[in-house]
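Observations on the model geometry
Residues per chain are reported as follows:
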Amino acid sequence: MSTKPKIAMYWAASCGGCEIALVNLHEKILDVDAAFDFYFCPCLLDTKTNDIKALPDGELAITFFNGGIRTEENLEMARLLRKKSQILIAFGSCAIEGCIPGLANLTAAKSLIDTIYHDNITIDNPEQITPDPQTQVAEGPLGVPAFRDTLQTLAQVTEVDYFIPGCPPESHQIWQAIAALTAPAGPPPIGSVLGSGPSTVCVECRREKTDKKINRFFRNYEIIPSETECLLEQGLLCLGIATRQGCGGLCPEVNMPCTGCYGPPAGRSDQGARMTAALGSILDLGDTKGINESELLARIEQALGTIPDPVGTFYKYSLAGSIPGGRQDP
Amino acid sequence: MNRTLDHTIVGFLCNWCSYAGADHAGGSQKSYPHNFKIIRVMCSGRVEPEFILEAFRKGAAGVVIMACHPGDCHYKTGNYQAAGRYHLLQKMISQLGIDENRLVMEYISASEGERFIEVVNQTVHTLEGIPPPPLS
Ligand code: FES
């Protein structure tokens with residue numbers, strides 16, 4: 001039996017990209033292995049849930065928990081791993097704020113099931129089979145974990161010690177976070193966001209920013225943007241201004257607008273609200289001397305009418321963890 | 001029971017025009033519905049979209065932003081910024097299942113006490129006509 005402190009990585013409602021990001025530490029993963037006993041990770045190792053249940057409480061030094069809480073199993077694992085871990089880290093956008101799976105909070109759970117198992121034209125399901133928690137088959141009852149009404153974030157269901165944002169977190173930032181947790185000076189204060197900075201992606205983006213106002217927005221396919229000017233100022237919905245720094249500005253670097261995967265910047269709880277605030281301030285309303293209310297409204301409508309889906313765009317990664325959390329009457 | 005009168009309507013009033021307008025109404029002994037709760041802000045541009053979403057999350061039946069008329073903002077462009085945010089937020093709350101009529105923006109000057117009362121009454125009236133807030 002290894003005497004090294006144990007670490008774990010678990011996936012709930014997620015895509016597996018977070019595990020890839022960890023493996024992308026490349027040879028540094030050997031340093032992790034030298035310092036820790038990598039004990040549990042369903043994506044990479046063969047340890048079972050029962051092995052975790054058998055551990056004394058607090059036996060896992062650190063657990064990286066990625067994925068949102070969508071099923072009863074996700075919830076059970078979140079609670080189990082909380083009990084067994086000294087440090088529980090919400091790892092990646094899904095665990096922190098729901099990410100893409102969190103967009104399902106715009107739709108009632110029942111309609112999701114209907115769409116997936118019945119209503120899509122490509123579906124052939126004559127027996128109307130759905131993943132019900134209990135199904136009777138010849139050999140006896142079969143169960144799958146129940147699908148919950150909404151997707152919740154890890155911190156909405158249990159206590160979380162640290163947060164590492166990103167979809168997925170950048171590998172060098174994961175390393176930074178591990179280094180911070182094992183620093184001789186002691187770990188950072190509980191609740192800290194690790195592997196990122198407090199400000200926005202704009203501080204990492206090398207494009208030239210002026211005070212240019214915008215009179216209409218474009219979808220990505222509509223224009224080929226200049227490679228040196230701020231993408232937002234060119235009318236693309238770049239979320240850098242409402243997104244936490246930490247990625248190094250990777251997307252704007254290759255001429256793609258930021259879509260917001262690092263979540264809201266420090267001290268802010270709602271990315272969509274941040275983006276709305278920012279857009280309200282940069283509209284080009286032309287000459288406003290003597291403008292009346294209806295003319296003002298018409299110009300605003302013209303500029304903002306080119307944004308087809310504000311909620312889906314501004315909360316692409318953060319809906320479940322946002323102030324509204326999802327649709328109120330799904 | 002009148003559901004709308006049970007629920008708070010939050011009014012964000014800019015200090016320089018709309019709040020003075022409400023004050024004007026008060027000075028001339030006009031009354032307005034008791035569930036309209038006023039928060040004075042320096043400028044409508046100070047009303048963060050977070051404030052509005054938070055008000056709805058906490059169960060407000062409606063949110064009203066009152067600003068200086070175009071051209072009159074004490075800080076020049078605060079009301080234009082507020083108008084842009086308001087427009088986007090209306091779209092967003094309806095995507096989020098909150099009736100867009102629950103969010104109102106009006107321009108009230110310091111001398112428009114009457115208009116202030118009118119807007120508040122009108123808002124209460126409109127909210128009575130839509131189903132109770134989904135939250136709270
Ligand atoms: S001061 Fe009244 S809207 Fe700016």
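Residues numbered from 1 in each chain as written. Chains lettered and ligands numbered in written order. Predicted model: local features only at pLDDT ≥ 70, side-chain atom pairs only at ≥ 80, totals over all residues. Heavy atoms only, no water.

Looking at the overall build of chain B
Stated formally: The helix count covers DSSP runs of H or I at least four residues long, the strand count covers runs of E at least two residues long, and both are numbered beginning at the N terminus. We compute the radius of gyration from the C-alpha atoms alone; for a globule the expected value is 2.2 Å times N to the 0.38, where N is the number of residues. Using a 1.4 Å probe on the protein chains alone, a residue whose accessible area is under 20% of its type maximum counts as buried, one over 50% counts as exposed, and one in between counts as partly exposed. Contacts are residue-level and defined by heavy atoms, with any inter-residue pair within 4.5 Å sufficient. Per-residue accessibility takes into account occlusion by the displayed protein chains alone, with areas from the Shrake-Rupley method and a 1.4 Å probe. Counted as positive: Lys and Arg. Counted as negative: Asp and Glu. His and the chain ends are not counted at all. Note that the charge is assigned to NZ on lysines, CZ on arginines, CG on aspartates and CD on glutamates.
When you go through chain B residue by residue, the secondary structure sums to five helices and four strands. Traced from its N-terminal end to its C-terminal end, chain B shows the element sequence α-β-α-β-α-β-α-β-α. In summary, chain B has a C-alpha radius of gyration of 14 Å against a globular reference of 14 Å for 136 residues, a match within 12%. For the C-alpha atoms alone, the extent of chain B along its principal axes is close to 35 × 35 × 20 Å. Looking at chain B as a whole, 56% of its 136 residues are labelled buried. Within chain B, counting contacts between residues at least 6 apart in sequence, those at least 24 apart form 79% of the total. For chain B, the accessible area works out to roughly 5900 Å², and carbon and sulfur atoms hold 51% of it. Seen as two clouds, the 12 positive and the 13 negative side-chain charges of chain B have centres 6 Å apart.

Regarding the interface of chain B and chain A
To keep things clear, this is the line we draw: Here's the idea: put two parts together, see how much 1.4 Å probe accessible area each one loses, and the total over both is what we call buried area. In this count, Pro and Cys sit with the nonpolar residues alongside Ala, Val, Leu, Ile, Met, Phe, Trp and Tyr, while Asp, Glu, Lys and Arg are called charged and the others, Gly among them, polar.
Each side of the interface is counted separately: chain B has 26 residues, and chain A has 38 residues. Here chain B and chain A share an interface that buries about 2700 Å² over both sides, 66% of which is from carbon and sulfur atoms. Classifying every residue of the side of chain B that touches chain A by side-chain character gives 13 nonpolar, seven polar and six charged.

Observations regarding the sheet that holds strand S2 (residues 37–40) of chain A
Residue and element names in this part refer to chain A. Quick note on the threshold: Two strands are said to pair when DSSP picks up at least two bridges between them. Lines fitted to C-alpha atoms define the axes here, with helix axes fitted over just the stretch in contact, and angles between the N-to-C directions of these axes take values from 0 to 180 degrees.
Taken in spatial order, the five strands of this open sheet run S2-S1-S3-S5-S9, and their pairing is parallel. Of all the strands in the sheet, just S2 and strand S9 (162–164) have a single pairing partner and so form its edges. Adjacent strand axes in the sheet meet at a mean angle of 25°, parallel and antiparallel pairs treated alike. Pairing geometry for strand S3 (residues 60–66) and strand S5 (residues 85–91), over five bridges, is parallel. Bridge pairing in S5 places Phe64 opposite Ile89. Along the sheet, helix H4 (residues 72–84) makes contact with strand S1 (6–11), S2, S3 and S5, crossing S5 at roughly 140°.

Describing the domain arrangement of chain A
All names here are of chain A. Condition: Where each domain begins and ends is defined by an automated method or by a domain database.
According to the domain assignment, chain A contains domain 1 (6–100 + 150–181) and domain 2 (201–314). Across the contact, nine residues belong to domain 1 and eight residues belong to domain 2. Taken together, the two surfaces of domain 1 and domain 2 that pack against each other cover about 570 Å², and 53% of this comes from carbon and sulfur. Per-residue buried area on domain 1 facing domain 2 is highest for Glu97, Pro165 and Glu170; these three make up 58% of the total on that side.

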